[in-house]
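Listed below, chain by chain, are the residues.
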Amino acid sequence: MEDHNKSKEQLITELQQLREKLEKVEDKVTLLCHNKIMSNTKEQISFIDKNYLYFDVNQTYLKTHNLKREDIVGKFVEDVFGKEIFVSYIKGNIDKCLKGEVIKYQKWFSFPNDKERYMDVAFYPFYDKNNAVIGIMASSHDITELKVKEELLSEKEQKLRNILENSTNLFYSHTPNHVLTYMSPQVINVLGYTPEEIMIKWTELASDNPINDVGFQLTQKAIDTGISQAPFELELFHNNGEKVWVEVREVPVVENEKTISIVGALIEITDRKKTEKQIKRLSVAVEQSANTIFITDIDGNIEYVNPKFTELTGYTKKEVLGQNPRILKSGKQTKGFYDKLWKTIAGGKTWKGEFHNKTKNGEFYWEQATITPIKGDKEEIINYLAVKEDITAKKQAEEKLKKSEKQFRESNKAKDKFFSIIAHDLKSPFNSMLGFSQLLVNKFDEYDGQEQKNFLGILNRDIKNTYKLLENLLLWSRTQSGTVDFNPEKENLYLITLETIYLLHRMAEDKSITLINKISEDIFVTADKNMLLTILRNLISNAIKFTLKGGKVFVNAQLKIDKYRQKYVEVSVRDSGIGMLKEKQDQLFEISENISTKGTEGEKGTGLGLILCKEFVEKHGGKIQVESEVGKGSEFIFTMP
């Protein structure tokens, strides 16, 4: 616009000079010069006299308005533009100009041919030789295209400004020396400064965090090379002194192969950094946890395991990813157990319980587990999280404690049994023996020889039974204290049985009972001889005790092989006696149960013999059991290596 105005002023000067020449040269020459000036300018030039009458226009004017010279020269301005435009925009300016004032303005005009034009207009006074205003020169230039471009540019600039000022990002620019030249209004929310306050070196906002050095280097590289660098993070100071994290993206502005500015956008990521820090802490906690932690998808397929998982189970992470936790099953928990677990977690609830699992190398272990559903934004289950604690040692301690408690109870039962035997089973026979012996001492001469013999026989029987009881009691006491010698050797079972039968044959003869040894002479066992004799003596004497007169007692043995291909001997003592109920069979080998039963001839017992048998059999690594039916007899079976 300034260039156009300057050309107009030059034109007026030239015209004024031309007017001065009119006084000195012929009108023809002056007219030629005047026409030359008018034809060479691109401005629309028109001359109007004091009566608002056109007296000359240039070719540019005619061409622009698509007019002929006769269409305008000699006509009033009002007739050309219409009364409304003339009165509203033209007449007033002409009047001011006729008073010597230069008028300049830009405006949209509607011309008679209905074209909208944006015109750059100027009115200059035109003087005569006496320096009196005799008319005006109106200069106008169509700048519609320029105006449209300016408006479009302005509209784009406004849109861009709206984007910059309403974006969640903060936009800025700075010089190659890092001095900020622009900062969008969001700076007040991010850093607590107004855009005017923050026109400083942006590096002054940075904390001493070493990560900022990376950002400084990337910015300098962008300045030096004119090439955009990767995004980076900065830790800056807020106006209130707090630290703020931002993520930065920058672009260099280059002119003539030189960076003249850096423009950039940053977004605050303080909350994100805090979350990342929390996640990192949680990740470290999970990775270093002493508990087993793993995450599965909704089908139970493993997506993550922590190091403790691999340490405990023996599986590597690569081996278990994509696998189902069922690879840990030991087979010791039922299908119903797992069905209940899945029903709970699939229903969105947390499950707590214990797993008895198996490691990769086959070792069993116990875990206390909590399995929690992980839910998405819509409350749908997206994963399952399992946190498990190895409680194998705890379980072993509990089992050991239970065993100790059981041993303690058994010990107390043993003591109770011991004192019961002393208080009753030993006391009673001694009372009987004392009574008979006292009777014989006081009235020996009053009884004939047969009566004396009978009394002595009863006394002898009681002494033998009491001795046997005392022998068993002492032996059992030694087993409880752990002082019984255990010296297993290879023994011929047939001979051991034969020796036992010989010791008990008198007892059997008294009831006319036949003792039959059906054991093969070539069967050998590895056993402590004294313990084996005690086992056979107690079992055979019991068989005699509960067999009616004229009955039979069989002792037999078979060589067998177990599932591990190990040989063992199964020994049985079977009688044809009175048998026993199932309930009593289950109590025979319990120290706490008082199941002493009188024999078929009223023989007494304590039940201690069978308990000794059980302990001695188990000492050899064997087992003892009974099979019996009331009225048909009993069979005691035990095994020996």
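What counts, and at which threshold
- Residues numbered from 1 in each chain as written.
- Predicted model: local features only at pLDDT ≥ 70, side-chain atom pairs only at ≥ 80, totals over all residues.
- Heavy atoms only, no water.
- Helix = DSSP H or I, 4+ residues; strand = E, 2+ residues; numbered from the N terminus.
- Expected span 1.5 Å × (residues − 1).
- Buried < 20%, exposed > 50% of the residue type's maximum accessible area, 1.4 Å probe, protein only.
- Polar contact = N/O pair within 3.5 Å; in protein donor to acceptor, adjacent residues only side chain to side chain.
- 1 Å grid on protein atoms, 1.4 Å probe; cavity = no way out; pocket = protein on both sides within 12 Å on 5 of 7 lines; lining within 4 Å.
- Points joined across faces, edges and corners; volume = space filled by probe spheres on them.
- Nonpolar A, V, L, I, M, F, W, Y, C, P; charged D, E, K, R; others polar.
- Phe/Tyr/Trp six-rings, centres within 6.5 Å; stacked < 30°, edge-to-face > 60°.
- Axes fitted to C-alpha atoms, helices over the stretch in contact; angles between N-to-C directions.
- Parallel < 35°, antiparallel > 145°, perpendicular 65-115°, else oblique.
- Left-handed = near helix turned anticlockwise from the far one by under 90°.
- Contact = heavy atoms within 4.5 Å.
- Core = buried A, V, L, I, M, F, W, Y, C linked by side-chain atoms within 4.5 Å.
- Salt bridge = Lys/Arg side-chain N within 4 Å of Asp/Glu carboxyl O.

Trainee: How should helix H16 (residues 529-545) be read in this particular structure?
Mentor: The α-helix winds at 3.6 residues per turn, so residues separated by three or four positions along the chain end up facing the same way. Counted at 1.5 Å a residue, the expected span for H16 with its 17 residues is 24 Å, and the 24 Å between its end C-alpha atoms agrees. In terms of burial, H16 is largely enclosed, as 14 of its 17 residues are buried. Where H16 begins, one side-chain oxygen reaches toward the backbone nitrogen of Asn 530, 3.2 Å away; that side chain belongs to Asp 528.

Trainee: Just checking my understanding: could you explain empty space enclosed by the protein for this structure?
Mentor: Take a probe with the size of a water molecule and roll it over the atoms, and the empty space left behind shows itself. Summed over all chains, the structure comprises three cavities of 30 Å³ or more. Of the pockets and cavities examined, the largest cavity occupies roughly 220 Å³. Looking at the largest cavity, it is lined by 18 residues, and the ones nearest its centre are Phe 81, Ile 90, Val 121, Phe 123 and Ser 140. Within the residue set of the lining of the largest cavity, elements represented by two or more residues are strand S1 (44-49), helix H3 (59-65), helix H4 (77-81), strand S3 (103-110), strand S4 (116-127) and strand S5 (133-142). Considering the residues around the second largest cavity, the lining is formed by 13 residues, among which Tyr 172, Met 183, Trp 202, Leu 236 and Leu 266 are closest to the centre. Those elements giving two or more residues to the lining of the second largest cavity turn out to be strand S6 (170-174), strand S7 (180-183), strand S8 (232-237) and strand S9 (243-255). It is S8 that provides the largest number of residues to the lining of the second largest cavity, a total of three residues. The class makeup of the residues in the lining of the second largest cavity is 12 nonpolar, no polar and one charged.

Trainee: Help me understand the packing of aromatic side chains, please; the structure alone is not making it clear to me.
Mentor: Each aromatic ring pair is characterised by the separation of its centres together with the angle its planes make. What the rule picks out here adds up to 14 aromatic pairs. When the ring of Tyr 54 is compared with that of Tyr 61, the centres are 6.3 Å apart and the planes differ by 55 degrees; the resulting orientation is tilted. A relative accessible area of 4% places Tyr 61 in the buried class. Arranged with centres 5.1 Å apart and planes meeting at 90 degrees, the rings of Phe 337 and Tyr 338 form a pair that is edge-to-face.

Trainee: Please clarify how the packing of helix H15 (residues 493-509) against H16 should be interpreted in this entry.
Mentor: Describing two packed helices takes the angle between their axes plus the distance from one axis to the other. Where H15 meets H16, the closest approach of the two axes is 9 Å, and the angle between their N-to-C directions is 40 degrees. Classed by the angle they form, the pair H15 and H16 counts as oblique. The handedness of the crossing between H15 and H16 is right-handed. Across the interface between the two elements, Leu 493, Ile 496, Thr 497, Glu 499, Thr 500, Ile 501, Leu 504, Met 507 and Ala 508 of H15 pack against Lys 529, Leu 532, Leu 533, Leu 536, Arg 537, Ile 540, Ser 541, Ile 544 and Lys 545 of H16. A breakdown of the residues in the contact of H15 with H16 according to their chemical character gives 11 nonpolar, three polar and four charged.

Trainee: Help me out: how do you make sense of the nonpolar core in this one?
Mentor: A general tendency of soluble globular proteins is for nonpolar side chains to be buried together. Leu 493, Leu 532, Ile 540 and Phe 638 are the most contacted members of the largest nonpolar core, which totals 40 residues. Where this core is concerned, the elements lending two or more residues are H15, strand S18 (524-527), H16, strand S19 (552-561), strand S20 (567-575), helix H18 (608-619), strand S21 (624-629) and strand S22 (633-640). At nine residues, H16 tops the list of elements feeding residues into this core. Apart from the residues lying within four places of it in its own chain, the contact partners of Phe 638 are Leu 532, Ile 535, Leu 536, Leu 539, Val 569, Glu 570, Val 571, Val 617, Lys 623 and Ile 624. Among the nonpolar cores identified, the runner-up in size contains 24 residues, and Ile 72, Leu 98, Met 119 and Val 133 belong to it.

Trainee: Explain the pattern of salt bridges here, please?
Mentor: If charged atoms from side chains of opposite charge come close, those side chains can pair. Summed over the entire model, instances satisfying the criterion amount to 18 salt bridges. A salt bridge links Lys 273 to Glu 233, with the shortest nitrogen-to-oxygen separation between them at 2.9 Å. Here Glu 233 lies in strand S8 and Lys 273 lies in helix H9 (residues 270-288), a separation of 40 residues in the sequence. Summarising the burial analysis for this pair, Lys 273 and Glu 233 share the class buried. With a closest N to O distance of 2.9 Å, Glu 354 and Lys 395 form a salt bridge. Within this pair, whereas Glu 354 is found in strand S13 (residues 351-358), its partner Lys 395 is found in helix H13 (residues 392-443), the two being separated by 41 residues in sequence. Look at Lys 395 and you get partly exposed, because its relative accessible area is 23%. Each of the salt bridges in this network shares a partner with another, and the network as a whole consists of Glu 233, Glu 247, Arg 249, Arg 272, Lys 273 and Glu 276.

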